[in-house]
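Descriptive structure summary
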Amino acid sequence: MKLIFEKSVQGRRGFRLPASDVNVKAEIPAKYLRVNDAQLPEVSELDAVRHYTHLSQKNFSIDTHFYPLGSCTMKYNPKFTEGLARVSSFMNLHPLLPQLEGGETLTQGALEVLYDLEQLMCAMTGFDAFTLQPLAGAHGELTGIMLMAAYHQSKGNKKKYIIIPDSAHGTNPASAAIAGYETISIPSDKNGNMDLAKLKEAITPEVAGLMMTVPSTLGLFENNIDEIAKLIHGVDGIMYYDGANLNAVLGRCRPGDIGFDVMHINTHKTFTTPHGGGGPGAGPVGVNKKLEKFLPISRVIRRSNGQFALSYDFPDSIGYIAPFYGNFGLLIRAYGYILMLGKQGLIDTTNHAVLNANYMKERLKPYYKLAYERICMHESVFSATLQADRGVHAIDLAKYLIDQGVHPPTVYFPLIVPEAIMIEPTESESKPVMDEFIDFMIQADQLSKDNPAVFKDFPKTMPISRPDEVKAARDIKTSFFHHS
Ligand SMILES: *Cc1c(COP(=O)(O)O)cnc(C)c1O
């Protein structure tokens, strides 16, 4: 491993694989070498196939069930784009090829896809340039904050704080802290907007910028963006748009037009690339002219002869943020999805995502307390306090839903809503599927009146009923087989 790494950092054209006759044993200190043979289980191929097939059938996925997990946007991943990512001339490209002599010619198609996708993202968001490298939404946030820091450094600004409303996604303060800033939290007002008076109190020349999740984790569009942007720009701060949930506004408004300087997109939410067990993701970052020169390298450029190339010639760049060109397979899927739908298709998608969320909100609000009585965007947030008063909490309702064969909505998030239940149907779902879910929720409410005690036993249909989640997190078993 060390050998490969050293060779790979020798330089773009200096990469060589280690010779196959390297004596691995000689390189590993004796204390790390195995003394006894590994006690591996001996099973037949058929037993192994059955084991893994049964495991796979226990998986819960959007391909099998309704999955209204708010904020996460578990929408359908079209099989068409899966096929595109498996086209052999994409799939079999070696990531080092563009850097090798003559490699640029062989990778024109792949480079053009990346270039074109960046252009499409600029057009959809109103920004001037994009990097496709970040490997998740949160990684995009970190990249964006690093760009912010580079901007302030280049201007000799002394900055210390990033302002974040309490309705932001939890990754926002985490990203700001990892990048070395202190965070200031601003409460929401009674309508779910940022409290402007509190914001004004927090603004000082030491404010580096503001990170805003739009729509917020309350599923609401912030009403005072113009004024907030003016206040932040007034102290030469940078406006960051958490666009993980761009699927709520795509085609209807562009972050770059309404006062933001930098944003990230989650391709695994807005552009239907798979979430895959917490990864792999892709979190492209867009910027306006203020921040463009700091974007990570490499960047895809188009030469005057029309040829595409990778350029490392950006002296103000913050450097590498991820190996190679980001999660290329996901970027291909996102590109295919965007082209497949086209402009009108994407606008229709947004309209349906918002319509579906509002439909479910209106039908459920006679039974569950709505956190904010407003038109919602792609998701709505309820507060199960009526049910909690009967002894049935959001977690109990979630466990009930599991037995009905649907994935529960997000519960206990956002933190600022007690007994939160956050429902995001996405545009993929049909009315009958949503109606069935609404019926389950209405039945659950009725049951909470008739027989609240039964909830403690749900779910009854799963291999594991109610794990001790604290113990599960602290006492992790990573291996199925134990040797003593
Ligand atoms: C999902 C999400 C993120 C984090 O994205 P990851 O790809 O999971 O890192 C950030 N912000 C918001 C608003 C999100 O919904």
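For the structure itself, look to the data block above.
All values reported here derive from a predicted model rather than from experimental measurement. (Residues numbered from 1 in each chain as written. Predicted model: local features only at pLDDT ≥ 70, side-chain atom pairs only at ≥ 80, totals over all residues. Heavy atoms only, no water.)

**What to know about the overall build of the chain**
As a reminder of what qualifies: Only DSSP runs of H or I with at least four residues qualify as helices, and only runs of E with at least two residues qualify as strands; both kinds are numbered from the N terminus onward. For the radius of gyration, the atom set is restricted to C-alpha positions; the globular benchmark scales as 2.2 Å times the number of residues to the power 0.38. The contact rule is simple, with two residues in contact once any of their heavy atoms fall within 4.5 Å. Charge counting follows a simple rule: Lys and Arg are positive, Asp and Glu are negative, and His as well as the terminal groups are ignored. By convention, charge coordinates are those of NZ in Lys, CZ in Arg, CG in Asp, or CD in Glu.
Helix and strand counts for the chain come out as 18 helices and 13 strands. A compact globule built from 484 residues should have a C-alpha radius of gyration of about 23 Å, and the chain, at 25 Å, falls within 12% of that. Here the contacts in the chain between residues at least 6 apart in sequence split such that 68% fall between residues at least 24 apart. Within the chain, one finds 47 positive and 52 negative side-chain charges whose respective centroids are separated by 3 Å.

**A short note on the nonpolar core**
Stated formally: Definition of nonpolar core: a set of buried residues of the types Ala, Val, Leu, Ile, Met, Phe, Trp, Tyr and Cys, connected through side-chain atoms within 4.5 Å. Burial classes follow relative accessibility: with a 1.4 Å probe on protein chains only, a residue under 20% of its type's maximum area counts as buried, one over 50% as exposed, and anything between as partly exposed.
Ranked by internal contacts, the top residues of the largest apolar core, which has 58 residues, are Ile163, Leu199, Leu210, Met212, Ile228 and Phe271. In this structure, Phe66, Phe382, Val392 and Leu401 belong to the second largest nonpolar core, which totals 23 residues.

**With respect to the sheet that holds strand S3 (residues 182-186)**
Operational definition: Strands pair, by our definition, only if DSSP identifies at least two bridges between them. Between N-to-C directions, angles cover 0 to 180 degrees, with each direction set by a line fitted to C-alpha atoms, over the stretch in contact for helices.
Spatial ordering of the open sheet is given by S1-S7-S6-S5-S4-S2-S3, a layout of 7 strands whose pairing is mixed. The open sheet terminates on both sides in strands that have one partner only, identified here as strand S1 (129-131) and S3. Ignoring strand direction, the axes of neighbouring strands in this sheet form an average angle of 20°. Note that strand S5 (residues 238-243) and strand S6 (residues 262-265) share 4 bridges and pair parallel. Residue pairing for S6: tyrosine 240 is matched across the bridge by valine 262. Contacts from helix H9 (residues 171-178) reach strand S2 (161-165), S3, strand S4 (207-213) and S5 within the one sheet, and its direction differs from that of S2 by about 175°. The sheet contacts of helix H11 (residues 225-233) involve S2, S4 and S5, and relative to S4 the element is tilted by about 160°.

**Things to note about the pairing of S6**
The side-chain alternation of S6 yields two buried faces, one formed by Val262 and His264 and the other by Met263 and Ile265. Pairing analysis gives 3 bridges linking S6 to strand S7 (residues 285-287), with the strands arranged antiparallel. Paired with histidine 264 across the strands is valine 285, a residue of S7.

**Side note on the sheet that holds strand S13 (residues 420-423)**
The antiparallel open sheet is built from 4 strands, whose spatial order is S10-S11-S13-S12. Each edge of the open sheet carries a strand with a single partner, namely strand S10 (369-370) and strand S12 (410-411). Inspection of the sheet shows S12 paired to S13 by 2 bridges, in the antiparallel sense. Each bridged residue has a counterpart across the sheet, and for valine 411 the counterpart in S13 is isoleucine 421.

**Description of the environment of methionine 91**
One can find methionine 91 in helix H5 (residues 88-91). Sequence separation between methionine 91 and histidine 169 is 78 residues; the distance between their C-alpha atoms is 34 Å. Not counting the four nearest positions on each side in its chain, methionine 91 is found in contact with Ala85 and Arg86.

**Description of the state of the cysteines**
Quick note on the threshold: Disulfides are defined as pairs of cysteine sulfur atoms found within 2.5 Å of each other.
Counted by the stated rule, this structure contains 0 disulfides. Of all cysteine sulfurs, the one in cysteine 376 lies closest to cysteine 72, which takes part in no disulfide; the gap is 16 Å. Exposure remark for cysteine 72: the relative accessible area of 26% places this residue in the partly exposed category. With no disulfide of its own, cysteine 376 has cysteine 253 as its nearest cysteine by sulfur position, at a separation of 16 Å.

**Section: unusual backbone geometry**
The step from isoleucine 297 to serine 298 runs through a cis peptide bond, and the omega angle for that step is 0°. Tracing the backbone through its elements, the reader meets serine 298 in the loop between helix H13 (289-292) and strand S8 (299-302). The step from phenylalanine 458 to proline 459 runs through a cis peptide bond, and the omega angle for that step is 0°. Looking at the element boundaries, proline 459 is found in the loop between helix H17 (431-450) and helix H18 (469-474). In this structure, serine 71 takes a positive phi of about 80° despite not being glycine. Here serine 71 is to be found in the loop between helix H3 (45-58) and helix H4 (79-85). Looking at serine 71, the relative accessible area reads 4%, which means it is buried.

**Points about the site of the ligand**
The following threshold applies: Throughout, near means a residue has at least one heavy atom within 4 Å of the molecule or strand. Within 3.5 Å is the distance limit for a polar contact, defined as a pair of N or O atoms, with the added protein rule that one can donate a hydrogen and the other accept it, and that residues adjacent in sequence qualify only through two side-chain atoms. Calculation of accessible area relied on Shrake-Rupley with a 1.4 Å probe; when residues are assessed, cover is drawn exclusively from the protein chains displayed. The nonpolar class holds Ala, Val, Leu, Ile, Met, Phe, Trp, Tyr, Cys and Pro. Asp, Glu, Lys and Arg form the charged class, and all remaining residues, Gly among them, are polar.
Close to the ligand lie 14 residues; Gly137, Ala138, Asp242, His268 and Lys269 are nearest. Here glycine 137 contributes a backbone N or O atom positioned 2.8 Å from an oxygen atom of the ligand. In this structure, asparagine 266 approaches the ligand through a side-chain N or O atom, which is 3.0 Å from an oxygen atom. Protein contact buries 85% of the 380 Å² of open area that the ligand shows by itself. When residues of the shell around the ligand are traced back to their parent elements, those giving at least two are helix H8 (137-154) and helix H12 (267-270). Looking at the shell around the ligand, the element that brings in the most residues is H8, giving 3 residues. Split by residue class, the shell around the ligand holds 3 nonpolar, 8 polar and 3 charged.

**A look at H17**
This is how the line gets drawn: Expected helix span is taken as 1.5 Å per residue step, with the number of steps being one fewer than the number of residues.
End to end, H17 covers 28 Å across 20 residues, agreeing with the expected 28 Å (1.5 Å per residue, within 8%). If you check which residues of H17 are buried, you get Met434, Asp435, Phe437, Ile438, Phe440, Met441, Ala444, Asp445 and Ser448. Contacts from the buried residues of H17 go to helix H14 (328-364), helix H15 (385-389), helix H16 (394-403) and S13.

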